[in-house]
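Descriptive analysis of the structure
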Amino acid sequence: MKKFHAIIIIVMSFAIPVIGLTLPPSNFAVTLPAILAIVLVTYATFVYSIRANLVLALWCSIFVTVIFYYYHGYEEMTVAFASLAGGVACIFFIAFFVGKLQKDISLATEEIRRSRQRYENIINSIEEGFYETDIEGNITFVNRAICSMLGYSAGELLGKNFKDIFKNPEDILDTFKELYIGGKDVLRLYQEAVSKKGNVIPVELSVYTINEGEKEGKVIGFRGVAQDITERKKHEDRLEQLSLYDQLTGFYNRNYFRQKMKEIEGSGSYPVSIISIDLDGLKIVNDTFGHQWGDEYIRICADILRQSLRKDEIIARVGGDEFGVLLPYTSPENSEAILQRINQHVEEYNRKHYQRRFPISMSMGVATCPDDFQRLEETYSEADNRMYANKLNQGTQARNKIINTLLVTLSERDYITSGHAERLYEFCQEMGKEINLSYAQITNLLLLARVHDLGKVGIPDHILYKEGPLTSEEWEIMKTHSEIGYRIAQSSTELYNIAELILLHHERWDGTGYPQGVKGREIPVECRVLAIADAYDVMTNDRPYKKKISHEEAIEEIKRCSGTQFDPELVEVFVKLQEKK
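Residues numbered from 1 in each chain as written. Predicted model: local features only at pLDDT ≥ 70, side-chain atom pairs only at ≥ 80, totals over all residues. Heavy atoms only, no water.

1. Thoughts on the overall build of the chain
- In terms of regular secondary structure, the chain is built from 23 helices and ten strands.
- Per-residue burial for the chain yields a buried fraction of 44% across its 581 residues.
- In the chain, of all internal contacts separated by at least 6 residues, the share reaching a separation of at least 24 is 62%.
- Element-wise, carbon and sulfur atoms account for 54% of the exposed surface of the chain, whose accessible area totals about 31,400 Å². (Helix = DSSP H or I, 4+ residues; strand = E, 2+ residues; numbered from the N terminus. Buried < 20%, exposed > 50% of the residue type's maximum accessible area, 1.4 Å probe, protein only. Contact = heavy atoms within 4.5 Å. Areas by Shrake-Rupley, 256 points an atom, 1.4 Å probe, with all protein chains shown as cover.)

2. So, the sheet that holds strand 9 (residues 322-327)
- Taken in spatial order, the five strands line up as 6-8-9-7-10 in an open sheet, and their pairing is mixed. Each edge of the open sheet carries a strand with a single partner, namely strand 6 (252-253) and strand 10 (362-369). (Pairing = 2+ DSSP bridges.)

3. Let's talk about the packing of aromatic side chains
- Scanning the entire structure with this criterion turns up eleven aromatic pairs.
- Centre to centre, the rings of Tyr 245 and Tyr 252 are 4.9 Å apart; their planes meet at 25 degrees, and the pair counts as stacked.
- Given the relative accessible area of 23%, Tyr 252 is considered partly exposed.
- Here Tyr 252 and Tyr 256 contribute two aromatic rings whose centre-to-centre distance is 3.8 Å and whose plane-to-plane angle is 15 degrees, an arrangement assigned as stacked. (Phe/Tyr/Trp six-rings, centres within 6.5 Å; stacked < 30°, edge-to-face > 60°.)

4. With respect to the nonpolar core
- Ranked by internal contacts, the top residues of the largest apolar core, which has 84 residues, are Ile 277, Tyr 297, Ile 360 and Met 362.
- Considering every element that reaches this core, the biggest residue donor is helix 21 (residues 525-539), with ten residues. (Core = buried A, V, L, I, M, F, W, Y, C linked by side-chain atoms within 4.5 Å.)

5. A short note on helix 16 (residues 439-451)
- Spanning 13 residues, helix 16 covers 18 Å between terminal C-alpha atoms, matching the ideal 18 Å at 1.5 Å per step.
- Listing the buried residues of helix 16 in full gives Ile 442, Leu 445, Leu 446, Leu 448, Ala 449 and Val 451. (Expected span 1.5 Å × (residues − 1).)

6. Focus on the packing of helix 22 (residues 551-560) against helix 23 (residues 568-580)
- At their nearest, the axes of helix 22 and helix 23 sit 10 Å apart, and the two run at 165 degrees to each other. Considering their axes alone, helix 22 and helix 23 lie roughly antiparallel with respect to each other. Two packed elements cross with a definite hand, and for helix 22 against helix 23 that hand is left-handed. Contacts between helix 22 and helix 23 pair His 551, Ile 555, Ile 558 and Lys 559 from the former with Val 571, Phe 574, Val 575 and Gln 578 from the latter.
- Classifying every residue of the contact of helix 22 with helix 23 by side-chain character gives five nonpolar, two polar and one charged. (Axes fitted to C-alpha atoms, helices over the stretch in contact; angles between N-to-C directions. Parallel < 35°, antiparallel > 145°, perpendicular 65-115°, else oblique. Left-handed = near helix turned anticlockwise from the far one by under 90°. Nonpolar A, V, L, I, M, F, W, Y, C, P; charged D, E, K, R; others polar.)

7. Side note on the pairing of strand 2 (residues 139-142)
- When strand 1 (residues 129-134) meets strand 2, the two strands line up antiparallel, connected through three bridges. Note that in strand 2 the partner of Thr 133 across the bridge is Ile 139.
- Counting the residues that bridge the hairpin from strand 1 to strand 2 gives four residues, and of these Gly 137 lies at a positive phi of roughly 90 degrees.

8. Brief notes about a nonpolar patch on the surface
- A cluster of nonpolar residues, Ile 135, Tyr 180 and Ile 181, forms a patch on the protein surface that exposes about 300 Å² of accessible area.
- With respect to the helices, strands and loops of the structure, Tyr 180 is situated in helix 7 (residues 169-182). (Patch = residues over 30% accessible without salt bridge, like charges linked within 9 Å, V, L, I, M, F, W, Y side chains within 5 Å. Salt bridge = Lys/Arg side-chain N within 4 Å of Asp/Glu carboxyl O.)

9. Section: the environment of Ile 126
- Examined against the element boundaries, Ile 126 turns out to sit in the loop between helix 4 (77-125) and strand 1.
- Once you skip the residues sitting within four places of it in the chain, Ile 126 turns out to touch Asn 143 and Ala 145.

10. Structural notes on empty space enclosed by the protein
- Considering all chains together, one arrives at two cavities of 30 Å³ or more under this definition.
- By volume, the largest cavity amounts to about 120 Å³.
- Around the largest cavity, the lining is made up of 14 residues, and of these Ile 146, Leu 150, Ile 165, Phe 166 and Ala 226 lie nearest the centre.
- Broken down by secondary-structure element, the contributors of at least two residues to the lining of the largest cavity are strand 2, helix 5 (144-150) and strand 4 (200-211).
- Of the residues forming the lining of the largest cavity, the biggest block, three residues, is contributed by helix 5. (1 Å grid on protein atoms, 1.4 Å probe; cavity = no way out; pocket = protein on both sides within 12 Å on 5 of 7 lines; lining within 4 Å. Points joined across faces, edges and corners; volume = space filled by probe spheres on them.)

11. Considerations on the packing of helix 15 (residues 420-434) against helix 23
- In contact at an axis separation of 10 Å, helix 15 and helix 23 are set at 115 degrees when each is read in the N-to-C sense. In terms of axis orientation, helix 15 runs roughly perpendicular to helix 23. Crossing handedness for the pair helix 15 and helix 23: right-handed. Contacts between helix 15 and helix 23 involve Phe 427, Glu 430, Met 431 and Glu 434 on the former and, on the latter, Leu 570, Val 573, Phe 574, Leu 577 and Gln 578.
- For the contact of helix 15 with helix 23, a count of residues per class yields six nonpolar, one polar and two charged.

12. Details of the side chain of Ser 331
- Here Ser 331 shows up in the loop between strand 9 and helix 12 (332-352).
- You can call Ser 331 buried: its relative accessible area is 19%.
- Residues within four places of Ser 331 in sequence aside, it is in contact with Pro 271, Ser 273 and Thr 368.

13. Regarding the pairing of strand 5 (residues 219-228)
- Inspection of the sheet shows strand 1 paired to strand 5 by six bridges, in the antiparallel sense. For Asp 134, the partnering residue across the bridge sits in strand 5 and is Gly 221.
- For strand 4 and strand 5, the ladder comprises seven bridges, and the chain directions are antiparallel. Each residue of the ladder has a partner; that of Ile 210, found in strand 5, is Gly 221.

Right, dumping it as structure tokens:
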């Protein structure tokens, strides 16, 4: 570009003297080249530096003076020299001031350019999106973060209106209007932007005014930060889920249930019925099979309740084994019908899944609040009391039903189908009479013979039926069946009296047994009798992990373990009884 300017300057510097010398003699022939020379110097000063143009200024002054001499002659050289000096000075000062102005303008322009570049670099380096719009909401500037967020290039976004990007642009335009009229400094709002691909992105916007001149000047646009809050929104949704919902069942939690009661109270939704539900036997399931099975029990009950209730009825898990149901616009008759429907679904489930290890049982109570003269908390307490009354009536029956199911499961296992329980019953009855146990002791001993291995329903089949010796880890799991059986028995009125016998039936005379390591006569006599009878029957009958041995070999093994594993006095009694047969 400067070459083009240089050609123009060179051509004009030679053309001006030619023009001056070819014109007819007159004042105009002198004035015109002088004016053209000043224009030339001024033009050159804008293009080049002041120093370079001083030479051009001197050159122009000389050829203007030459032209003056050419027209006026030597006799007026004094005037010519005066004209030369004045012309040089005039042109010099013009060149100087124009050059300084040009330099200042150039520096200012460069500074503005650099400032703008720094501004854009800073804005483009931040992770949050930055935007500027005019007063109508048309985008005038965006940084890279917004382009990346929305999937557009900067060129595609410039000129677009906010209405083209956001799902509810009216809220943003109302905010712009509020800022424009009210003069507020900044506002924040949440919006959903639509990307180029059509994806909806939750965005948090901050909006500032752009003022003309000073801050108090006329609003000419808006600027602010746009932040993608997708991850934050997900986190907030998860927190809301945790704060409102039970993670195991998907029902509302206790906090929401209480909050909803307050909302319904006085809302005109009367009559309002409340159902209180408690799961029977959850403790037995947890103690027998572990909390994983207990969680499954809760999920099954939750599915039954979900099947029995409408979607608009509010159900919550308000405790570990407790549920609450809020029923707006529900009369006592309708709420009783819902209870019957739940019971019906429970019975259907148990019939359909009778082969499961435990049946489902629920205790329920319902109460109805007819109007706002009664607080819903009182209604809930009334429903709770009725549930507990129901639990007292059927709780023992429900627990025993579960335990009987466990006993049936136990009887279906391989080590029972071989007649193990019946043989133990005979051995224990013979020994009990022989050593003169009381009627109560013999009764407990015979019941122990039947259910001592009840805890094995909680042992995984791959361990229980393993062929070959157990690993140390598997053996530790197997030994827990005594404690599992103890916990089950404690939950049953029928088995409560022998719970401790179940716990201690694997203790040894020398104290090396499990789970408590008691020894000698500290071990209940019923357990000492059962230990001998059980060992004999195990040895003389096939098991998945061991082949049977002969009667003689079994008797010799029992004698060998007398005083260590078995009570020596009871060993003698058992051996004599077997010799009589």
